[in-house]
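The primary structure of each chain is shown beneath.
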Amino acid sequence: MDCEFDEIFVGARGGSIGVLSSSLPDEASKEFANHLDLPSQPPQGYTLGSYVSAVPVADQYLIARTSIDTAAQRTGMVFSHGLIVKKTDLIVFGNIAGVFSSLLKERPTDLKAERRLINASCSPDLGSPPGPVCDLLAQKKAPVLVTTDAERFEGLVSSIWAVLRPSMRPDFKFGVSFDPVESRHQALNIALVPSIVLQRWPEANRIDLLLDEVDAKTAAGRYLVDQSNVEFNGFVDRLDVEKLSLGDLDFIGRSYELTLGDSPKFSSVLAALRLVAVVQPHPKKAESVKSGLLDLVLSHPDVFRHENLMALRNLDWGCLEFSAVVEKALSKAFETHFKEVDDVAKNIEIVRSIFTVNLSMPNWRIAGEAALRTLGDQAAYGVSSAAWSLLVQGS
């Protein structure tokens, strides 16, 4: 499928950087031109080659190539060729390498920007992106990943772009940077940096040594490298996240991994449920995933333990269905606790939380109150001393 792109050329104009030609209106051209100069002064001794960059601007997405402007009267000025596409077109936009090949590396004698069509739907065989790089990208708070390998930068970006879900593409940013603070301000996912300033970035940000590695270690990273895990792919799809981001993929991958195995820990299952609730807060979506995880939580053999009941008291039920079955299962956990746990201090903490609004979520209190109303003799005996202690304390 062909996508329509606007075109803009920016370079030396008199003694400063300006728009040389554009298919866009003047005001829009000026806005895009702001993103087509170097981010700051290059470090001394650095020779600028040609680099690609991309940044979202309002409802559009700018892809550009920047190089030294050979027509400039003074050194250090750059020439940029930009192509601009609507974000909505990124849904079918699988081939960013095809756009890179359309971007000029040198300023020609004659410039005339025009709207143009580029086939962007079919990606060439770029190979899979490096697994460890995908692990780093698919984090909720991912660092800016930096490389000094100018020759491989375009290929790296193209291979990552090809495996991104369409909803991830409009926020994917890359380009050159000369300083860690600057790269964070640019909010880049991947930055090409001069080798002479690489030491400014923490080792955790540097990926040059990872570019030849294949295997990813996380579920989210493996999903980007090779979407062949049918079970995990189904897990992602059932969550029905409208605009899936790389950060969402991190939480989804972690929630999936936390429940693997025959006997996952209670804390792991609850953590998985919390992560899913963050990624998909809508109560009518991902119901099968949420109900499955909630069932694992409430049927877990350790759910009645004090630390686990207390961990459940701040669970946000807003995205979950608090059915009669769920209430009964949670109430049963309370009753089992009062029957099995012979610890007055722990029982006091549970009872106080049931009757104190700001100490627990409403549904947790409802289930706790229901349990107290129907306690058997043994469980009632276990809670009686706690209730008496609360009365004595005036709570």
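### Re the overall build of the protein
Argument step 1. Counting secondary structure elements, the protein contains 15 helices and 9 strands.
Argument step 2. In terms of overall size, the protein is more extended than a compact globule, its C-alpha atoms giving a radius of gyration of 28 Å where 395 residues would be expected to give roughly 21 Å.
Argument step 3. In terms of its C-alpha atoms, the protein occupies a principal-axis envelope of roughly 95 × 40 × 40 Å.
Argument step 4. When burial is assessed residue by residue, the protein has 50% of its 395 residues classed as buried.
Argument step 5. In the form shown here, the protein has an accessible surface area of approximately 19600 Å², with 50% of it arising from carbon and sulfur atoms.
Argument step 6. If you average the places of the 39 positive and of the 50 negative side-chain charges in the protein, the two averages end up 4 Å apart.

### Regarding the packing of helix α12 (residues 324-340) against helix α13 (residues 344-355)
Argument step 1. Interhelical geometry of α12 versus α13 gives an angle of 150 degrees and a closest axis separation of 10 Å. In terms of their interaxial angle, α12 and α13 are classed as roughly antiparallel. The interaxial crossing formed by α12 with α13 has left-handed handedness. Counting all contacts with α12, which are made through Phe 334, His 337 and Phe 338, the residues of α13 involved are Lys 346, Asn 347, Ile 350, Val 351 and Ile 354.
Argument step 2. Among the residues forming the contact of α12 with α13, the class breakdown is 5 nonpolar, 2 polar and 1 charged.

### Digging into the environment of Phe 93
Argument step 1. Of note, Phe 93 is situated in the loop between β5 (78-86) and α2 (96-100).
Argument step 2. A relative accessible area of 0% means that Phe 93 is categorised as buried.
Argument step 3. The spatial distance from the C-alpha of Phe 93 to the C-alpha of Phe 251 is 25 Å, given a sequence separation of 158 residues.
Argument step 4. When residues no more than four places from it in sequence are discounted, the contact partners of Phe 93 are Cys 3, Phe 5, Ile 63, Val 99, Ala 120, Trp 161 and Arg 169.

### A closer look at the pairing of strand β4 (residues 60-68)
Argument step 1. The buried fraction of β4 amounts to 8 of the 9 residues, a majority that puts the element mostly inside the structure.
Argument step 2. Sheet analysis places strand β3 (residues 51-57) next to β4, joined by 7 bridges and oriented antiparallel. Directly across from Ala 54, in β4, lies its bridge partner Ile 63.
Argument step 3. Hairpin geometry of β3 and β4 is characterised by an intervening segment of 2 residues between the two adjacent antiparallel strands and by a positive phi of about 55 degrees at Ala 58.
Argument step 4. With 9 bridges connecting them, β4 and β5 associate as antiparallel partners. Bridge pairing links Thr 66 to Ser 80 in β5.

### A look at helix α10 (residues 287-298)
Argument step 1. For α10, with 12 residues, the first-to-last C-alpha span of 16 Å sits near the 16 Å given by 1.5 Å per residue.
Argument step 2. Looking only at α10, the buried set comprises Val 289, Lys 290, Leu 293, Leu 294, Val 297 and Leu 298. Taken around the axis of α10, the buried residues stretch over an arc of 155 degrees, which confines them to a single face.

### Quick look at the packing of aromatic side chains
Argument step 1. A complete count under the given rule lists 14 aromatic pairs for this structure.
Argument step 2. For the ring pair Phe 5 and Phe 93, a centre distance of 5.7 Å and an interplane angle of 50 degrees mean the geometry is tilted. Separated by 88 residues along the polypeptide, Phe 5 in strand β1 (residues 2-13) and Phe 93 in the loop between β5 and α2 bring together distant segments of the chain.
Argument step 3. For Phe 5, a relative accessible area of 1% translates into the label buried.

### A few points about the nonpolar core
Argument step 1. Counting residues in each nonpolar core, the largest one holds 96 residues, and the members touching the most others are Phe 93, Phe 174, Leu 330 and Phe 334.
Argument step 2. Looking at which element gives the most residues to this core, the answer is helix α9 (residues 266-279), with 9 residues.
Argument step 3. Membership of the second largest hydrophobic core comes to 12 residues, among which are Val 10, Leu 36, Val 57 and Ile 84.

### Topic: the environment of Ser 80
Argument step 1. Its place among the elements puts Ser 80 in strand β5.
Argument step 2. Judged by its relative accessible area of 0%, Ser 80 falls in the buried class.
Argument step 3. Along the sequence, Ser 80 and Val 52 sit 28 residues apart, while their C-alpha atoms lie 9.4 Å from each other.
Argument step 4. Excluding residues that lie within four positions of it along the chain, Ser 80 makes contacts with Ile 8, Phe 9, Val 10, Leu 36, Arg 65 and Thr 66.
Argument step 5. Here the side chain of Ser 80 touches Leu 36 through a polar contact of 2.7 Å, landing on its backbone oxygen.

### Regarding the side chain of Glu 182
Argument step 1. With respect to the helices, strands and loops of the structure, Glu 182 is situated in helix α5 (residues 180-186).
Argument step 2. Although Glu 182 is buried, it forms no salt bridge, and the closest oppositely charged side chain is Arg 200 at an N-O distance of 7.5 Å.
Argument step 3. At a separation of 2.7 Å, a polar atom in the side chain of Glu 182 contacts the main-chain amide nitrogen of Phe 178.

Cut-offs and rules
- Residues numbered from 1 in each chain as written.
- Predicted model: local features only at pLDDT ≥ 70, side-chain atom pairs only at ≥ 80, totals over all residues.
- Heavy atoms only, no water.
- Helix = DSSP H or I, 4+ residues; strand = E, 2+ residues; numbered from the N terminus.
- Rg over C-alpha atoms; globule rule 2.2 N^0.38 Å.
- Buried < 20%, exposed > 50% of the residue type's maximum accessible area, 1.4 Å probe, protein only.
- Areas by Shrake-Rupley, 256 points an atom, 1.4 Å probe, with all protein chains shown as cover.
- Lys, Arg positive; Asp, Glu negative; His and termini not counted.
- Charge placed at Lys NZ, Arg CZ, Asp CG, Glu CD.
- Axes fitted to C-alpha atoms, helices over the stretch in contact; angles between N-to-C directions.
- Parallel < 35°, antiparallel > 145°, perpendicular 65-115°, else oblique.
- Left-handed = near helix turned anticlockwise from the far one by under 90°.
- Contact = heavy atoms within 4.5 Å.
- Nonpolar A, V, L, I, M, F, W, Y, C, P; charged D, E, K, R; others polar.
- Pairing = 2+ DSSP bridges.
- Expected span 1.5 Å × (residues − 1).
- Arc of directions from axis to C-beta.
- Phe/Tyr/Trp six-rings, centres within 6.5 Å; stacked < 30°, edge-to-face > 60°.
- Core = buried A, V, L, I, M, F, W, Y, C linked by side-chain atoms within 4.5 Å.
- Polar contact = N/O pair within 3.5 Å; in protein donor to acceptor, adjacent residues only side chain to side chain.
- Salt bridge = Lys/Arg side-chain N within 4 Å of Asp/Glu carboxyl O.

Functional significance is not addressed by these values, which are geometric in nature.
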